[in-house]
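Below are the chains, spelled out letter by letter.
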Amino acid sequence: MGRYVIRRLLQFIPTVLGTMFLLHYMTSLAIQFSGNPVRALFGDRTPPPALLQAVTERLGYGDPCLEQKGNPCFGLFLDRVSGVFLHFDFGINMRRQEVTELVANAVPFTLKLLLIAIIFEAAVGIAAGVWAGLRGGSFADNLVKISTVFVISVPIFVLGVVVREFVGVKFGNVLRDQEWIPDVIAYGFFSPGFKPDYPFASLLIPGMVLGSVALATTARLTRTSIMENIRADFVRTARAKGLANKRVIGVHTLRNSLIPVITYLGVDIGSAMAGAVVTETIFNVPGIGRLVTAAARTGESPVIIGVVTMLVLVILLVNLLVDLLYAVLDPRIRYE
Amino acid sequence: MRGKFLKVAVAATATAMLATACGSGSGDGGSDAGGTLRVYASEPAFLLPSNGNDEPSIYVIRQLYRGLVKYNAETGEVENDLADSIESEDQKLWTVKLKDGYTFDNGEPVDADSFIRSWNYAAYGPNAQNNGYFMKRIAGFGDVTSEDPDGEGPEKAPAPTAETMSGLKKVDDLTFTVELSEPFTGFPTTVGYVGFFPMAQACIDDADTCNETPIGNGPYKIDGTWERNVEINLVRSDSWNGEPGKPDGINYRLFADVDSGYAAFQAGELDVMYTIPPARFKDAKASYGDRLYEQAGDSFNYVGLPLYNENFKDKRVRQALSLAIDRQSIVDAVFDGRYAPATGFVAPSYQGAREGVCTYCQKDVEKAKALLAEAGGWKGDKLVLWANAGAGHEAWLQAVGDQIKGVLGIDYELKVNLQFPEYLETADNEQLTGPFRLGWGPDYPYLETYLSPIYGTGAHSNHTTFSNPEFDKLMKQGDSAATIDEALALYQQAEDVLAEELPVIPMFWRKEAAIYSENVDTFVWNQVAGADYGATSLK
């Protein structure tokens, strides 16, 4: 087990460096081909060359290799890597804020959002899956099957905007006109976006939207898995032993059925981050997703490289944890 | 999305530089209803007066800080704010006298030093302050900035030869003199821009902290610190001696996306929203009718003509091109009426602006054809129309191309694939091969700001390379005229030269629009500074 973990951790190094280099190369190419992003800060008015140069230097776009098309800028890359790993310096954005500070400000919001999304999708998804799986072919089963197809087929940016307009604005406005509804529901939960006055309540709907797509997949996975296991030999044996139904379903069936679901939830953190890019923008949540979107639009290389590298690390760690969790769920799996 | 961002960025730099102060000249003093005004905002770039040059920053800085002058809300005229007087004999050496009794929030006095130190800080090259550019008229500006000897790395630019501008001299605590490198009658109008606001010593000693927790001298002070990307809260400042702000506090909610801001407005979470998503404009007009404020603004959109290209050297060709365009139909078809057609080169709200200066800015098919024939017809290949990518310029530029083709029979193609930085660099390097779209926002509320930076020989934003001795002469005379009225008359003559020579084809003025909620009693829009939150009262 220990050796396995060390081997996996060592694999992180080329993955992270590779990602960083790709990002570095792509953002450098973007600057080489589409010009100095600092010039765009001044818009239609041409800045005096001295000022343009001073600002360019200050923001870290002064390396001459950024003017040679196709140059991979190895020198700049080494500076960046050593900055990140030796000095924990991820650079600054166009507004001269440290990337680490930007991330530190944004992470709490994204974590809360992800947590809400994952709890929502795991709790509701697994419950619906078990409900449907135990009664294959029944009304419950069909209801879950149809409603999940419906949710899966709606892209998250459509769902997000529809929910914001109809639940947050239209339905919320009706609620806000009613005196008897508590403020935390009318103004917090049903707010059409994140609201600093209700930092948790106003994140619930965005979190649910973010979790909804994965919820459908979770429900379907659980359903199939339960249906398969309920006919397995060990379940029949358990029943034959005369175990209580609760124990047969709860321990023997469910525990074994959850292995694919846990894998999925682990992998899903990566795609939930991608979904967060969309939901955070729609619901104005000041998290990592909104940060990356904004940085990608303006081509702020230090922010893109810094944030995405951190995300890669997070996803690698989560995947490792998920792999280790298998061993806990299924004693047959061993690592060495 | 990128398009929207760029548009906002351009509009921001443009409208923003439009000098400012939030004089609530509305006068009635009125009832003090208090309450907190909740406004839509996007994340400011900087809250330091020397560095904030975008619209979101300026909207906050203007409530936190005050400068020498402010602008009348209705007429845009310059009124003294912290200055007692700004006078000059020769329009070159200006003497500024300050009113006594103003302080910063930390107790430091607002004196001559506070202005001198702020302006020097902004101008000093190594500080890389965005508003340093505005100090360029002051004598000694060249000594505090320096250029890289070889143009681009690897050698670093040498340190400037001086740390302070020689043109700024303190006379006594409340008096200082400003020497300009060239006479400029309009100097007092320029100092209402945020770049000229004073800063406390404590602020400059630790500019980063001051950026997060500003030490202002204005009617409001910050409550807590700037909560990045979330909100900024201002409350009335006790240290302010002038006319107090109307609301007790101002809450700037920071949105990254204008659509989510509009949803928040619809849900009653905001009192004022000064940007309306283009796609929702009709909806907003229908839903909020009388609570929608709309006015032709001052950001100028034009199609420049590259005079370094043979085909555009004859002014009759330029006139013919302009005559071929029906601006109103483009505004109606492409922009849902969110722009106003331009009939001159100066914003209609400006002192000295005249209607219909540009006689070639009305569609006239016969005249256009005649002029082009007189000039010997179109000699080039396809007319290449340039715009930067992803900023929503394709549609209207195509309409321009279609109209030119329809009237003059010149085939055209669009060149709209360059990103903004590269597009600007191409323009800076004079490599544009055909008419190009660009915009301009004023730096200060003085007519000259629309003329010399864009059309003066060798001026920094003269992308057409227009050079006309008569124009230059008139501008120079205007700069050193004894009074503003005399100056305006000369500038108007210079504008007439442009109307005949047509180095650029004036297209539209962007309309400014804002919506406000039922909680708002009177909404104040300053002709120069835009939405004035400190003067807007709540019910």
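Residues numbered from 1 in each chain as written. Chains lettered and ligands numbered in written order. Predicted model: local features only at pLDDT ≥ 70, side-chain atom pairs only at ≥ 80, totals over all residues.

Asker: Could you give me a rundown of the overall build of chain B, with the residues and numbers involved?
Answerer: For chain B, the count of helices and strands is 17 helices and 21 strands. In terms of overall size, chain B behaves like a compact globule, its C-alpha atoms giving a radius of gyration of 23 Å where 539 residues would be expected to give roughly 24 Å. Viewed in the frame of its principal axes, chain B has a C-alpha envelope of about 70 × 55 × 50 Å. Relative to its full complement of 539 residues, chain B shows a buried share of 54%. (Helix = DSSP H or I, 4+ residues; strand = E, 2+ residues; numbered from the N terminus. Rg over C-alpha atoms; globule rule 2.2 N^0.38 Å. Buried ≥ 20, exposed ≤ 12 C-beta atoms within 10 Å, placed from the backbone.)

Asker: Describe the overall build of chain A, naming the residues involved and giving the relevant values.
Answerer: From N to C terminus, chain A includes 13 helices and zero strands. When the helices and strands of chain A are read in sequence order from the N terminus, they spell out α-α-α-α-α-α-α-α-α-α-α-α-α. Overall, the C-alpha framework of chain A stretches about 85 × 65 × 30 Å when taken along its three principal axes. When burial is assessed residue by residue, chain A has 41% of its 336 residues classed as buried. Excluding contacts between residues fewer than 6 apart, the proportion of contacts in chain A whose partners are at least 24 apart in sequence is 70%. (Contact = placed C-beta atoms within 7 Å.)

Asker: How would you summarise the interface of chain A and chain B if you had to cite specific residues and measurements?
Answerer: Taken together, the contacts link 46 residues of chain A with 49 residues of chain B. Of the residues in the side of chain A that touches chain B, the class split is 18 nonpolar, 15 polar and 13 charged. (Nonpolar A, V, L, I, M, F, W, Y, C, P; charged D, E, K, R; others polar.)

Asker: Tell me about the environment of B:E470, and please be specific about residues and values.
Answerer: Within the element layout of this structure, B:E470 appears in helix α16 (residues 469-479). Considering only alpha carbons, one finds B:E470 and B:E422, 48 residues apart in sequence, at a separation of 33 Å.

Asker: Tell me about unusual backbone geometry, and name the residues and values.
Answerer: All names here are of chain B. Notably, E430 is not glycine yet its phi reads approximately 55°, a positive angle. Tracing the sequence through the fold places E430 in the loop between α14 (420-428) and β16 (436-440). Even without glycine at this site, L502 takes up a positive phi of about 50°. When you line up the elements, L502 lands in the loop between α17 (484-501) and β17 (504-516).

Asker: Go over the sheet that holds strand β5 (residues 93-98) of chain B, please, and point to the residues and values.
Answerer: All names here are of chain B. Strands sit in the order β4-β5-β7-β6 across an open sheet of four strands; the sheet is antiparallel. Edge positions in the open sheet fall to β4 (83-88) and β6 (168-172), since each of these has one partner strand only. This sheet shows a mean twist of 20° between the axes of neighbouring strands, independent of strand direction. For β5 and strand β7 (residues 175-179), the ladder comprises five bridges, and the chain directions are antiparallel. When the sheet's bridge partners are listed, K97 is paired in β7 with T175. (Pairing = 2+ DSSP bridges. Axes fitted to C-alpha atoms, helices over the stretch in contact; angles between N-to-C directions.)

Asker: Run through α16(B), naming residues and quoting values.
Answerer: All names here are of chain B. Turning to α16, its buried residues are F471, L474, M475, G478 and D479. Taken end-on, α16 shows its buried residues confined to a sector of 140°, consistent with a single buried face. Facing away from the buried side of α16 by more than 90 degrees, the exposed set consists of P469 and E470. Elements in contact with the buried residues of α16: α15 (452-455) and α17. (Arc of directions from axis to C-beta.)

Asker: Before we move on, can you summarise the environment of B:L174 with the specific residues and values?
Answerer: As for its position among the elements, B:L174 is in the loop between β6 and β7. When neighbours within four sequence positions are excluded, B:L174 is seen to be in contact with B:K97, B:L98, B:D100, B:D111 and B:A112.

Asker: Mind laying out the nonpolar core, listing which residues take part and the relevant values?
Answerer: If you look at the biggest cluster of nonpolar residues, it comprises 234 residues, and the most contacted ones within it are B:V272 and B:M273. Among the elements that line this core, the one with the most residues is helix α5 (residues 99-134) of chain A, at 13 residues. With residues up to four places along the chain from it excluded, the contact list for B:M273 reads B:Y40, B:G261, B:Y262, B:F265, B:A514 and B:I515. (Core = buried A, V, L, I, M, F, W, Y, C linked by C-beta atoms within 7 Å.)

Asker: Report on the packing of helix α10 (residues 315-323) of chain B against helix α12 (residues 365-374) of chain B, specifying residues and quantitative values.
Answerer: Residues and elements named next belong to chain B. Axis separation between α10 and α12 bottoms out at 8 Å; the angle between their running directions is 160°. In terms of orientation, α10 and α12 fall into the roughly antiparallel class. Our pair here, α10 against α12, has a crossing hand that is left-handed. Every residue of α12 that contacts α10 at R316, V317, Q319, A320 and L323 is listed here: K367, A368, L371, L372 and E374. Taken together, the residues that form the contact of α10 with α12 break down as six nonpolar, one polar and three charged. (Parallel < 35°, antiparallel > 145°, perpendicular 65-115°, else oblique. Left-handed = near helix turned anticlockwise from the far one by under 90°.)

Asker: Explain the environment of B:L47 to me, using residue names and the numbers behind them.
Answerer: Residues and elements named next belong to chain B. In this structure, L47 sits in the loop between β1 (36-41) and α2 (55-64). In this structure the C-alpha to C-alpha distance between L47 and E394, which are 347 residues apart in sequence, comes to 34 Å. Leave out the neighbours within four places in its chain, and L47 touches G52, S57, V60, I61, N211, P214 and W226.

Asker: Tell me about the pairing of strand β9 (residues 231-236) of chain B, and please be specific about residues and values.
Answerer: All names here are of chain B. Pairing of strand β8 (residues 220-222) with β9 involves three bridges; the strand directions are antiparallel. Each bridged residue has a counterpart across the sheet, and for I222 the counterpart in β9 is L234. Looking at chain direction, β9 and strand β10 (residues 249-254) are connected through five bridges and run antiparallel. Among the inter-strand pairings, V235 is bridged to a residue of β10, identified as G249.

Asker: How would you summarise the confidence of the model for chain B if you had to cite specific residues and measurements?
Answerer: Note: predicted coordinates in regions of low pLDDT should not be interpreted at a detailed level. All names here are of chain B. Here chain B averages 87 in pLDDT, while 92% of its residues score no lower than 70. Across residues 1-32, confidence stays below pLDDT 50; counting only partners more than four residues off in sequence or on other chains, it has 103 contacts. Below pLDDT 50 for its whole length, residues 150-154 participates in seven contacts with residues either more than four positions away or in separate chains. Across the predicted assembly, pTM comes out at 0.85 and ipTM at 0.85. (pLDDT = per-residue confidence, 0-100.)

Asker: A description of the pairing of β10(B) should follow, citing residues and the corresponding values.
Answerer: All names here are of chain B. Most of β10 is tucked away: five of the six residues are buried. Here β1 runs beside β10; their pairing, made up of six bridges, is parallel. When the bridges of β10 are listed, L37 appears paired with I250.

Asker: Can you explain the packing of α5(A) against helix α12 (residues 288-298) of chain A? Please cite residues and give values.
Answerer: Residues and elements named next belong to chain A. For the pair α5 and α12, interaxial distance at closest approach is 7 Å and the crossing angle is 130°. The orientation of α5 relative to α12 falls into the category oblique. Contacts between α5 and α12 involve L102, V103, A106, V107 and T110 from the former and I288, G289 and L291 from the latter. The residue makeup of the contact of α5 with α12, split by class, is six nonpolar, two polar and no charged.

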